[in-house]
Every structure is written in structure tokens, then in C-alpha cells.
Amino acid sequence: MSQIAFQIRQIVQRMWFLPAAFSVVAILSIGIAWFLARFAPENLPFTMPSNGVVSILTILASSLLTVAVFALSTMVSALSSASNSTSPRAVSLITGDRSAQTSISVFIGAFLFSIVGIIGLSAGFYSEAGRLFLFAVTLGVVVLVVTALIRWIGQISAIGRVGHTIDRVEHATREAFTMITEHPFFDCRLQIIAPQGMPINARAVGYVQHVDASKLQRIAKENELTIAITARPGAYVAPNRPLMLVEGSVPDACVDDLAAAFVVGDSRTFYSDPRFGLVVLGEIASKAMSPGINDAGTAIDVIGTLVRVLVARQPHNEDQQPRYDLVSAPPLDPADLIDDAFRPIARDGAATIEVVLRLLAGLKTLAHASDELKQPALAMARDAAARARQAMTAESDLKTLEDAAAFAHEQGGE
């Protein structure tokens, strides 16, 4: 994905974009009704009085403003609830939820449609045919609003809840893993050996959000360079941290262009950064284990989600021909995936036997399901067991712990 496409994707996911788009469509529909009326015959078998259409539009305008304000206040409450009960990092997924955005956009767009329609009718903008067309469009808007209201009733019962937030994070993490599977190493060569070359450092402090590999390939081809990416999306960079290492004679004019191929922002994004999704899921489980909440069930639910996501993850296809042969990128480290996902749970849930048992069971599943994740999963299981031994005092819990953790020591020594 180019930088322009990435920036457009970021804008489209903003909460204000879809309401703005629906508002534009609402205004255009008023103009389209007036334009189509020019091609209608002069004598129509059925006419619609102006006050009849105005009455319907007035009802829509007065009621939808209240509905839109209520829907927005409900969304704000859901965002606050999700931030307090799960993780503030998950809020962006709720604001980017298309189903919720669509309902609010319909309310705002229909309200604006009604206001503009009333103004046009009051100013005598429409002929008899124009009023008839406007009436037909108004009926369509009414059907759309009723459908959106019914959908919104179902949405407000789930949005902002812990389970709904976990599902949204899981979906975003799966999409990130799928993107990496379909475009391994950003369509670049696999970086097998330690790279060498001239370092190109970041121009700002923040997190890498996107890498434009096509731009790097173009610059490398024009200047006979070989580029090794050292900062994947999600990496924290600064002016003393190299984004890449470049072999060859790098012209001074190309240094800034090379650095500009990396989008650096204030926060991490879920797209192309599956580790961030694992981190957020771990944060949700960690907060659930805090003394103020003490919700072991949510932590167990998150463990099951993490195992499901990592088991479904497809390994890199190293035999796939790279699209950008002058650029190489490092693979994801399996140990990082396990640490991001399970270390917070192992730390904060060490004193709760139910959580530790489910954590060890999940790690055992990963060790059997993936050769790539086997050793990191076994190492995390031994770490979790060691933390639990120090946190637990009941002999029965310690006995149960030793039985559950036996697999990690047996297989780890093989």
C-alpha cells in the first residue's frame, strides 16, 4: 500500500468521515430531485402539495436531531466504558466500527436532507414534478431511518461492552496477520542475515505506522542501492534509531526521500502491526486482573482469544517471489508474539490458579500446534509457572500448578 492509500484509509476510518459523506449525499439528492423534475411531463396524473411534503420533512427534522444527539451521546458513553473497562488503545476500533458509524450517519444525513428540503420548498425552488420526486425520495429516507433505528437498538446493547471490545480487537489482529500472510515482508525479500550499510535514521520520535516498500524500491532502483528495513510497523523510533540500512552510494538528496517512505505517528495502529493487537488483548486481561476489577473470567476469555488468533495465524511463505527485490525486511519474531500476548497475564494473574491453569493450557496448545511457536510457548509456560509459585501459598494450588506445568519442563529439556 502506498502512502497516499494508507493516509486515505486512515481518513476513511475517522468517525466524522461517514456522517460527512452521508450529508453530502443528502444534499446531492435534493439537487438530483430538482434535476430529474426537468424531464417530467408538464401534466402529471398525481401531484403533491407543498405543505404535505413540508409536514413530513418537518417531522423528520425535529425528531432526527434528537435521535442523532442521543446516538452520539450513547457512542461517547460506550467509548468511555470501553476505555475504563478494557483498554484505551481499543477505543479507535469502536470509533471505526462501520455498523455504528452507518446508523449515526443515516440520522445526521436524513436530518440535513430534511432541513435542505424544507428550505427549497419554502423558497419555491420545486415545481409540481419536483415536489413529486422529492416526496418519493423522502419516503425512501423514512424507510432508511426506520431501518437504521432498528439496527441501532441492537447495536447499543453490545457496543462498548467488554466482550464486544475483545471481539473487535481479535478481528483487527486477525486482519493484520492475514495482511502479513498475503504480503509477506511487505512484498520484499526476507532478511536472513544481519544487514549492513549506511543507517537512515527517523526524522521524528514516534511509532512506525506504515512502510511504503514501493517507494523504497523505486529509489533503490534509480540509485543502484540495496535497502534493509530495520524498523517494522509498531517499532518505536527516534533520530538515533535507524529505519533502514542502505548499501551503496546514497546521494544526499535521497536521504530525506528514503526516510519519508516511513510514516511515523504518535501511536501504534492495528493495520500491518499484529503485535499491537496482541498487546491490547494482553492489556485487557491485565486490567481485568487488577484488584479494583478482579474479573478472572475476562482474563480467561482473553487467553482463549489469544490462542485462537495465534493458532489461526499462517506462517510466512518464504518461497514466494518478492515484488521488491532490492528491499529486504525482517520477519516477526515468534518470541515477541508470545511475550506481547501472555507476559502481562502471567505477571498479573500469577496468584489466581484458574487463570494460571488456563494460561498453561493455552501455551500447551500453541506448543503442539506450531513448530515456530513451540519453544517460545514452552519458555513462557516455565516463566508463568515460576511466577505462580512465588505468588501462591495454598498447597493444593501449588500441587495443581506443578501437574499443569509438567509438560513445559519435560518438553523443554528434550
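Anything mentioned here points back to the structure above.
Residues numbered from 1 in each chain as written. Predicted model: local features only at pLDDT ≥ 70, side-chain atom pairs only at ≥ 80, totals over all residues. Heavy atoms only, no water.

Caption draft 1: Fine view of the pairing of strand β4 (residues 226–229). For β4 and strand β6 (residues 242–247), the ladder comprises four bridges, and the chain directions are antiparallel. Note on β6: the bridge partner recorded for Ala 228 is Leu 245. Summarising the sheet, β4 and strand β8 (residues 324–329) pair through two bridges and their orientation is parallel. By the bridge assignment for β8, Ile 227 is matched with Val 327. (Pairing = 2+ DSSP bridges. Helix = DSSP H or I, 4+ residues; strand = E, 2+ residues; numbered from the N terminus.)

Caption draft 2: Local environment of the sheet that holds β8. Pairing in this open sheet of five strands is mixed, and the strands run β1-β8-β4-β6-β2 from one edge to the other. Looking at the sheet topology across the chains shown, the edges are occupied by β1 (188–190) and β2 (198–201). Pairwise comparison of adjacent strand axes, ignoring direction, gives a mean angle of 35 degrees for this sheet. As paired elements, β1 and β8 share three bridges and run parallel to each other. Opposite Cys 188, over in β8, you have Tyr 324 as the bridge partner. (Axes fitted to C-alpha atoms, helices over the stretch in contact; angles between N-to-C directions.)

Caption draft 3: Just the packing of helix α11 (residues 296–312) against helix α13 (residues 353–369), in detail. Running from N to C, α11 and α13 point in directions that differ by 5 degrees, and their axes come no closer than 9 Å. Considered as vectors, α11 and α13 are oriented roughly parallel to each other. On α13, the residues that touch Ala 296, Ala 299, Ile 300, Ile 303, Val 307, Leu 310 and Val 311 of α11 are Glu 354, Val 355, Arg 358, Leu 359, Gly 362, Thr 365, Leu 366 and Ala 369. For the contact of α11 with α13, the residue count by class is eleven nonpolar, two polar and two charged. (Parallel < 35°, antiparallel > 145°, perpendicular 65-115°, else oblique. Contact = heavy atoms within 4.5 Å. Nonpolar A, V, L, I, M, F, W, Y, C, P; charged D, E, K, R; others polar.)

Caption draft 4: Structural view of the packing of aromatic side chains. One pass over the structure, following the stated rule, counts two aromatic pairs. Aromatic side chains Phe 270 and Phe 276 sit 4.7 Å apart centroid to centroid with 45 degrees between the ring planes, which places their arrangement in the tilted category. Of the two residues, Phe 270 and Phe 276, both sit in the buried class. (Phe/Tyr/Trp six-rings, centres within 6.5 Å; stacked < 30°, edge-to-face > 60°. Buried < 20%, exposed > 50% of the residue type's maximum accessible area, 1.4 Å probe, protein only.)

Caption draft 5: Spotlight on the sheet that holds strand β5 (residues 236–237). Judged by pairing direction, the sheet is antiparallel, and its three strands sit side by side in the order β5-β3-β7 without closing on themselves. Strands at the two margins of the open sheet, each flanked by one partner only, are β5 and β7 (262–265). Pairing geometry for strand β3 (residues 206–211) and β5, over two bridges, is antiparallel. When the bridges of β5 are listed, Gly 206 appears paired with Val 237.

Caption draft 6: A look at helix α7 (residues 162–182). With 21 residues, α7 ought to run about 30 Å at 1.5 Å a step, and its terminal C-alpha atoms sit 30 Å apart, in line with that. Within α7, burial applies to His 164, Thr 165, Ile 166, Val 169, Glu 170, Ala 172, Thr 173, Ala 176, Phe 177, Met 179 and Ile 180. (Expected span 1.5 Å × (residues − 1).)

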